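Listed below are the residues making up each chain.
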Amino acid sequence: MTAPPLNKGPHDVGGEAADAVDTLDHGMAFWEKQANGLRSVLSARRITRTDELRRAAEDLGDRYSQLAYFERTTMALRTVLLEKGLITEVELKAKMDEIRARFNVPDEMESPLIQAAQK
Amino acid sequence: MSAATSTLPSTYTPAPGHRYKVGDAVVIKRAFPPGHRRTPYYIRGKQGVIERICGSFPNPEELAYGFDGEPKKILYRVRFAQNHVWPGYAGPAHDIIEMEIFEHWLLPAGNAAAKG
Amino acid sequence: MTDTKFDYYAQKKHAHDHGDHDHAADAHAAIEEPREGPPSEFEIMSRAMQELLEAKGVITAEQVRARMEQFEEDLPYRGSRVVARAWVDPDFKQRLLADGKAACTEFGIDLEADRLIAVENTPEVHNVIVCTLCSCYPRSLLGMPPTWYKSRNYRSRVVFEPRAVLREFGTVLPDNVTVRVHDSNADMRYVVIPMRPAGTEGWDEEKLAELLTRDTLVGVTTPGVAR
C-alpha cells in the first residue's frame, strides 16, 4: 500500500469501494428539517455561503464520515458562525445549557433515559 | 461517444474570454493542493472533451474561506470516457461521465505539464 | 449520546391537548413535531444557533418556518410538473433542455440561485445524477434529497460502477444503451427527463406527473405503467 492520497478530503469519495446502496428514503427528523430551514435562510440571505459550510464540513477530517449528514452540517454551521463573529463559544454554550434545561423530564421516575439505564 | 453528443450551446451566464470551446480536448490538472477544491480527486490527470460552457461563476476556492469569489472563473462541463477514468471499468466502452470543471483546473490536451 | 434529558410526557400531553385543534386555521401548524427520543447534542446545538441568531436579529423564526414549509409542501412537487409538460409539449422540452432555469419561470417557479441542466433519456442514452463531493441536488425543483442520495455508498460507487448501482434500484440497462453519469460538483443542478412510457397516450399532464417520481428524475429508476 502506498501513502494515503495527498490532501484528499474525507468528502471526496468518488471511486472508493463501498457497500450496496440502501435504496429506501428514510426521511428526515423534525430537527433536521429545522436545521435545513435554518441553513437555507442563512444561505438565501448570503449570511453564510454554501462553499464555506462545505469547507467547514470537510475540515472535520475523520469525524466527517462518522457523523450523519445533518450532524456534520450543524458542526459546519457552528464553525462558520464562530468565524464570522455572529456568535461566540460562550454564548453558544450558555444557550445549549439553557435548551438542555428546557427539555428536562419533570418526573425522574418516568424518564425513559433513567429507565433504560436501570435495565 | 457519438450516442450522446447532441451538445447544446448553452451558456447560462456570460463567459467572457473563455479559453476553451465546445469539443476541445482538455486534461484536468494533476495537482493536489490543500484547501477546498471542487475538482474531484478521481478526475485529476484525466483527459476529456469540453461538453458545454456553463458561464462564469464566483470562485468556490475563495468563497469557501469567506471571500467574495472575485474574479469569477469560467466553468465548463467536461465529458470523459468511463474506461479512461477507471482502469478496468466493467461497462461498455461508450459509457461516459461528465462534470463541471473550472478553467484554472484545465490544460490543453497534450500539454506535458499535465502528465504525471 | 450524552446525558440529555427530554420531557416525553409533557410533549405527549401537548399533542393530546391539541388533538382536535383546527390546523387549517393555524399557519404555523403545517409541520408537526414528532418526537421519538431525547434531543441529541447536534439538535441542541442547531436550536441554540437558531435562537441566538434570532435574538441578535440576524434572522427570524418566521423565515425559518416559511422555508421549512416550502421544503415540505412546494419544492418536492415542482419537478414532476415541469417534466410532465416536457413530455406533452416538444417546444417546451426544447426550452427546458436549452435553459432549465428560464423554462421553469413559465410555471412561476423561481429556482433562485440554482442553474438547471435538464438531460434527456433516449433509447440510446440513460442519464443518472450524483454529487460525489457533497450532496448537490436540485432542491428548488425536487425538495430535499433522499437518504440514499446523501449516502457514502451511492456517492462513492455510482461514478465507477453505475450499472451495478442502478441494478440495486431495479434498473437494468442493456449494453447498447450508453450510461451517462453526471457528477454534480459545482454550480449546475441536474434533472433527468425520462422516456415517456408506452401506454400513456392521451394522458393529461397531471396523470403523467404521477409517474415522474423523484427517483426517475434523478435517473436511478425509469417510469413504467402497470399493465
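All values derive from a computational prediction rather than experimental measurement.

Visitor: I'd like to hear about the nonpolar core, residue by residue, with values.
Guide: The tendency in soluble globular proteins is for nonpolar side chains to be buried as a group. If you look at the biggest cluster of nonpolar residues, it comprises 72 residues, and the most contacted ones within it are B:Tyr76, B:Val78, B:Ile101, C:Val83, C:Val128, C:Val130 and C:Val191. With residues near it in sequence (within four places) discarded, B:Val78 still touches B:Val26, B:Gly48, B:Val49, B:Ile50, B:Glu51, B:Glu98, B:Met99 and B:Ile101. Membership of the second largest hydrophobic core comes to 23 residues, among which are A:Val41, C:Phe42, C:Val64 and C:Phe71.

Visitor: A description of the sheet that holds strand β3 (residues 73-81) of chain B should follow, citing residues and the corresponding values.
Guide: The seven strands lie next to each other as β5(B)-β1(B)-β2(B)-β3(B)-β4(B)-β3(C)-β2(C), forming an open sheet whose pairing is mixed. Every interior strand has two partners, whereas the edge strands, β5 (106-108) of chain B together with β2 (125-130) of chain C, have only one. Strand-to-strand twist across the sheet, computed as the mean angle between neighbouring axes with direction ignored, equals 35°. In this structure, strand β2 (residues 47-57) of chain B lies alongside β3(B), joined through seven bridges in antiparallel fashion. Within the sheet, the bridge partner assigned to B:Ser56 lies in β3(B) and is B:Ile74.

Visitor: Can you break down helix α2 (residues 50-58) of chain A residue by residue, with the values?
Guide: Of all nine residues that make up α2(A), eight are buried, and the element is covered over most of its length. Listed in full, the buried residues belonging to α2(A) are A:Asp51, A:Glu52, A:Leu53, A:Arg54, A:Arg55, A:Ala56, A:Ala57 and A:Glu58. Contacts made by the buried residues of α2(A) are with α3 (62-66) and α4 (69-83) of chain A together with α1 (60-63) of chain B.

Visitor: Residues and numbers for the pairing of β3(B), please.
Guide: In this structure, β3(B) lies alongside strand β4 (residues 96-102) of chain B, joined through seven bridges in antiparallel fashion. Counterpart to B:Phe80 in the pairing with β4(B) is B:Ile97.

Visitor: Which residues make up the confidence of the model for chain B, and what values do they have?
Guide: Residues and elements named next belong to chain B. Considering every residue of chain B, the mean pLDDT works out to 89; 85% of them sit at 70 or more. Confidence drops under pLDDT 50 across residues 1-9; counting only partners more than four residues distant or on other chains, this segment forms 18 contacts. Considering only residues more than four positions removed or in separate chains, one finds that residues 112-116, a stretch of pLDDT under 50, has eight contacts.

Visitor: Which residues make up the packing of helix α4 (residues 78-88) of chain C against helix α5 (residues 90-98) of chain C, and what are the values?
Guide: Residues and elements named next belong to chain C. Where α4 contacts α5, the axes come no closer than 5 Å and their chain directions differ by 125°. It follows that α4 is oblique to α5 by the angle criterion. Remark: the crossing between α4 and α5 carries left-handed chirality. When α4 is examined against α5, the residues Val82, Arg85 and Ala86 are found in contact with a partner set consisting of Phe92, Lys93 and Leu96. Across the contact of α4 with α5, the residue classes tally to four nonpolar, no polar and two charged.

Visitor: So, the confidence of the model for chain C: which residues are in play, and what are the values?
Guide: All names here are of chain C. Of all residues in chain C, 84% attain a pLDDT of 70 or more, and the chain-wide mean is 88. Segment residues 1-30: pLDDT under 50, and 32 contacts once partners within four positions in sequence are set aside and those in other chains are kept. As scored by the predictor, the complex reaches a pTM of 0.87 and an ipTM of 0.89.

Visitor: Please give an account of the interface of chain C and chain A that cites residues and values.
Guide: Contacts between chain C and chain A engage 53 residues on the former and 53 residues on the latter. Listed by contribution, the elements that provide at least two residues to the side of chain C that touches chain A are α1 (8-17), α2 (41-55), α3 (61-73), α8 (147-150), α9 (152-157) and α10 (162-168) of chain C. The dominant element in the side of chain C that touches chain A, judged by the number of residues it contributes, is α2(C), at twelve residues. Looking at the side of chain C that touches chain A residue by residue, the classes come out as 30 nonpolar, nine polar and 14 charged.

Visitor: Can you tell me about the interface of chain A and chain B, naming the residues and giving the values?
Guide: Listed as interface residues are 14 residues of chain A and, on the opposing side, twelve residues of chain B. For the side of chain A that touches chain B, the element with the highest residue contribution is α2(A), accounting for five residues. Here the side of chain A that touches chain B is composed, by residue class, of two nonpolar, three polar and nine charged.

About the thresholds
- Residues numbered from 1 in each chain as written.
- Chains lettered and ligands numbered in written order.
- Predicted model: local features only at pLDDT ≥ 70, side-chain atom pairs only at ≥ 80, totals over all residues.
- Core = buried A, V, L, I, M, F, W, Y, C linked by C-beta atoms within 7 Å.
- Buried ≥ 20, exposed ≤ 12 C-beta atoms within 10 Å, placed from the backbone.
- Contact = placed C-beta atoms within 7 Å.
- Pairing = 2+ DSSP bridges.
- Helix = DSSP H or I, 4+ residues; strand = E, 2+ residues; numbered from the N terminus.
- Axes fitted to C-alpha atoms, helices over the stretch in contact; angles between N-to-C directions.
- pLDDT = per-residue confidence, 0-100.
- Parallel < 35°, antiparallel > 145°, perpendicular 65-115°, else oblique.
- Left-handed = near helix turned anticlockwise from the far one by under 90°.
- Nonpolar A, V, L, I, M, F, W, Y, C, P; charged D, E, K, R; others polar.

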